[in-house]
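Results of the structural survey
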Amino acid sequence: MTTPDRALVIAGAGIGGLALAAGLRKQGLPVTVFERRNNLAEVGAGISLWPNALAALDQLGLGAEVRSLGGQVASGGLRRPNGTWIQRVDRDAYETALGEPLVVIHRADLLDVLRAAVEPSSLRLGIGVEGFEVGANGIEVRLSDGSTEIAQGLIGADGVHSGVARQLWPQVHLRFAGYTAWRGIAQNGSPSRCSSHQALSGPSLLSDPAPRPVECWTSQALAVHPLFGRRHGHHPAIRAGVDHE
Ligand SMILES: Cc1cc2nc3c(=O)[nH]c(=O)nc-3n(C[C@H](O)[C@H](O)[C@H](O)COP(=O)(O)OP(=O)(O)OC[C@H]3O[C@@H](n4cnc5c(N)ncnc54)[C@H](O)[C@@H]3O)c2cc1C
């Protein structure tokens with residue numbers, strides 16, 4: 001038997017965990033989010049929000065703020081290693097088909113908006129979820145500080161390496177699909193090279209796994225080439241520092 005006034009516990013304060021916590025709070029449901037990191041400051045680079053994500057944020061009452069902090073994607077796409085296009089972003093086509101263009105925003109800004117929509121006392125940083133048992137009074141959630149929380153329910157929003165999912169489905173394993181993604185943030189600058197990144201704020205860094213950040217795209221496009229070239233062949237657009245068709 002679960003006790004109705006017990007909180008729902010969410011493992012992980014990423015985009016998913018915080019968005020869910022904001023939604024549960026809006027519904028007046030008690031919720032506690034445990035996040036194993038001590039702070040939410042380190043969150044990678046930018047994220048493109050498709051109209052379905054924006055619609056979800058609208059439901060949370062956060063869509064307008066997120067749109068105002070981000071920028072609309074004007075152009076962009078995916079290229080093959082030889083520089084030819086796999087897919088290009090057509091802003092007008094997206095708007096016609098989906099109702100509005102994609103919004104690109106720094107992940108830190110998105111997390112700030114989500115975090116502000118969560119009751120501060122329900123966010124417990126620096127405490128990880130270690131495991132759980134289904135008990136007579138609810139879900140017994142084992143925490144990294146040695147304590148146990150009895151919850152009405154447990155939601156695993158603890159990312160791609162989710163321990164909650166691993167406990168539920170130990171037979172399921174991650175499989176590396178062979179893709180590597182490089183992410184960077186460009187300062188406002190040359191529209192020809194950075195149009196889909198123009199709206200992003202923050203430092204102009206491209207992170208090397210070393211880690212060895214280099215300035216990129218707007219001022220020192222050529223500095224990127226040795227990094228990419230070593231690992232992924234020579235991308236002509238980066239090598240030339242111009243927007244190749
Ligand atoms: C390179 C790249 C680019 C992407 N670009 C886009 C994009 O443009 N648009 C888009 O929609 N999606 C994009 N995605 C996908 C998107 O980033 C993810 O779907 C999203 O971040 C998942 O959010 P999440 O909250 O489920 O997990 P996460 O963001 O991974 O958050 C999980 C949280 O759980 C915490 N945690 C982990 N274990 C525990 C534990 N045991 N106890 C407590 N806390 C724990 C972690 O510290 C973390 O804070 C991209 C992904 C990658 C890798």
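Going by the structure above, here's the rest.
Residues numbered from 1 in each chain as written. Predicted model: local features only at pLDDT ≥ 70, side-chain atom pairs only at ≥ 80, totals over all residues.

**Some words on the nonpolar core**
The nonpolar side chains of soluble globular proteins are, as a tendency, buried together. One finds V9, I10, A11, L18, A21 and L114 to be the most contacted residues of the largest nonpolar core, which totals 36 residues. Secondary structure elements with two or more residues in this core: β1 (8-11), α1 (15-26), β2 (31-35), α2 (51-59), β7 (103-106), α5 (107-116) and β9 (129-135). When residues of this core are assigned to their parent elements, the largest contribution, 6 residues, is made by α1. Each residue touching L114, except ones within four places of it in the same chain, is listed here: I15, L18, A19 and A22. (Core = buried A, V, L, I, M, F, W, Y, C linked by C-beta atoms within 7 Å. Buried ≥ 20, exposed ≤ 12 C-beta atoms within 10 Å, placed from the backbone. Helix = DSSP H or I, 4+ residues; strand = E, 2+ residues; numbered from the N terminus. Contact = placed C-beta atoms within 7 Å.)

**Thoughts on the pairing of strand β10 (residues 138-143)**
Where β9 lies against β10, 6 bridges are found, and the strand directions are antiparallel. Across the sheet, F132 pairs through a bridge with V141, a residue of β10. The hairpin turn running from β9 into β10, its antiparallel successor, is 2 residues long. Here β10 pairs with strand β11 (residues 148-151) via 4 bridges, running antiparallel. The residue bridging I139 from the neighbouring strand is A151, located in β11. In this structure, the hairpin formed by β10 and β11 is closed by a connection of 4 residues, where G146 is found at a positive phi of approximately 95°. (Pairing = 2+ DSSP bridges.)

**Some remarks on the site of the ligand**
Within the structure, the ligand sits among 22 residues, and G12, G14, G16, D158 and G159 are positioned closest to it. Those elements that place two or more of their residues in the shell around the ligand are α1, β2 and β3 (46-49). At 3 residues, α1 tops the list of elements feeding residues into the shell around the ligand. The residue makeup of the shell around the ligand, split by class, is 9 nonpolar, 8 polar and 5 charged. (Near = placed C-beta within 6 Å. Nonpolar A, V, L, I, M, F, W, Y, C, P; charged D, E, K, R; others polar.)

**Description of the sheet that holds β11**
On the basis of which strands lie adjacent, the open sheet formed by 3 strands has the order β9-β10-β11 and antiparallel pairing. The open sheet terminates on both sides in strands that have one partner only, identified here as β9 and β11. Between one strand axis and the next, the sheet turns by 25° as a mean value, whatever way the strands run. (Axes fitted to C-alpha atoms, helices over the stretch in contact; angles between N-to-C directions.)

**What about the packing of α1 against α5?**
Packing of α1 against α5 brings their axes to within 8 Å, and their N-to-C directions diverge by 30°. If you check the angle between α1 and α5, you find them roughly parallel. Judged by the twist between their axes, the crossing of α1 over α5 is left-handed. Here α1 contributes I15, L18, A19 and A22 to the contact with α5, which in turn contributes L110, L111, L114 and R115. Grouping the amino acids of the contact of α1 with α5 by side-chain chemistry returns 7 nonpolar, no polar and 1 charged. (Parallel < 35°, antiparallel > 145°, perpendicular 65-115°, else oblique. Left-handed = near helix turned anticlockwise from the far one by under 90°.)

**Topic: α5**
Considered for burial, the residues of α5 that qualify are L110, L111, V113 and L114. Looking down the long axis of α5, one finds its buried residues gathered within 160° of arc, a one-sided arrangement. Turning to α5, the residues buried within the fold contact α1, β3, α3 (63-69) and β7. (Arc of directions from axis to C-beta.)

**What to know about the sheet that holds β3**
One open sheet holds the 3 strands; their spatial order is β3-β7-β4, and the pairing between them is antiparallel. The two strands at the open ends of the sheet, each matched to only one other strand, are β3 and β4 (71-72). Relative to β7, β3 runs antiparallel, the two being bridged by 4 bridges. For L49, the partnering residue across the bridge sits in β7 and is V103. Packing of α5 onto the sheet brings it into contact with β3 and β7, and relative to β7 it is tilted by some 85°.

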